[in-house]
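Per-entry structural report
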Amino acid sequence: MKLEFPGNDSPLDESWLEPLYEVRAVVEFDPAYQFFDPYDFMVMAKVVRSGRPNITQFKHRYTRRYLHLDLVGRAYRYIPPRDITRGSGRFVSAPSLEWALERLQLWELPWFKEELQQYQFGLRFDEAWRLSPQFDPRRFLADDYGLRDDDEDDWPCDGETVDQGGPDRRLRLVRGDTS
């Protein structure tokens, strides 16, 4: 496997981040990926593949999980060799970009990044899985506190509601009077 690495002696060339910018353009209005930030990733290496798209390996600074993307933002998964002494593994197309993003577990970021603490919605870290794209915070909080759908303006904390957001459709905690 032939690898290229970014230079250590100069600032990172923005071209290394192009695949992440492509992903951001696809997911920027999807509340499931509201915490996706290209600048939260470290560039590990580029896998140079003859006759096939090169793959850049990114590692998330907080979740420590990898995202493998080609230049246009298609996701790949790494399959390690059966015997590390006889091979270096291979990359195959991921089932979908969503599949790859789900493995980053970005919903854990409110516990890692201080500026996102408001998105913990009163949950402990061991309950962070409830914020995964498979779950809707309004639904599970309503269930936890015995609220029904028609009571969604009632909230377990005084003066707090969850707003689905403006044009970017991102969930955000709204404190105080919401009228």
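A quick note: this is a predicted structure, and the numbers were derived from the prediction, not measured.

What to know about the overall build of the chain
In terms of regular secondary structure, the chain is built from 4 helices and 8 strands. Beginning at the N terminus, the succession of helices and strands in the chain can be written as β-α-β-β-β-β-β-α-α-α-β-β. Within the chain, the fraction of its 179 residues that count as buried is 38%. Partitioning the intrachain contacts of the chain with sequence separation of at least 6 by distance along the chain shows that 42% fall at a separation of at least 24. Carbon together with sulfur atoms contributes 46% to the accessible area of the chain, which is approximately 11100 Å² in total.

Focus on the sheet that holds strand β3 (residues 55-60)
On the basis of which strands lie adjacent, the open sheet formed by 6 strands has the order β1-β2-β3-β4-β5-β6 and antiparallel pairing. Each edge of the open sheet is held by one strand with a lone partner, namely β1 (2-4) and β6 (90-93). In this sheet, neighbouring strand axes are inclined to one another by 35 degrees on average, regardless of whether the strands run parallel or antiparallel. Bridging between β3 and strand β4 (residues 66-69) involves 4 bridges; their strand directions are antiparallel. Bridging across to β4, Phe58 finds its partner in Leu67. Contacting β2 (41-48), β3 and β4, helix α1 (residues 18-27) crosses the sheet at an angle of about 95 degrees to β4.

What counts and how
Sequence positions are assigned chain by chain, starting from 1 and proceeding in written order. Per-residue local features of the predicted model are confined to residues with pLDDT of at least 70, and side-chain atom pairs are confined, for both listing and counting, to 80 or more; whole-chain, interface and lining totals are unaffected and use all residues. Side-chain numbers here rest on the full set of heavy atoms in the structure, without hydrogens or water. Think of it this way: any DSSP run of H or I at least four residues long counts as a helix, any run of E at least two long counts as a strand, and we number them from the N terminus. Think of it in three bands: with a 1.4 Å probe and only protein chains considered, a residue is buried below 20% of the maximum accessible area for its type, exposed above 50%, and partly exposed in between. Should any heavy atoms of two residues lie within 4.5 Å, those residues are counted as being in contact. Per-residue and other accessible areas follow the Shrake-Rupley method at a 1.4 Å probe size, with only the shown protein chains counted as cover for residues. Any two strands with at least two DSSP-identified bridges between them are counted as paired. Between N-to-C directions, angles cover 0 to 180 degrees, with each direction set by a line fitted to C-alpha atoms, over the stretch in contact for helices.

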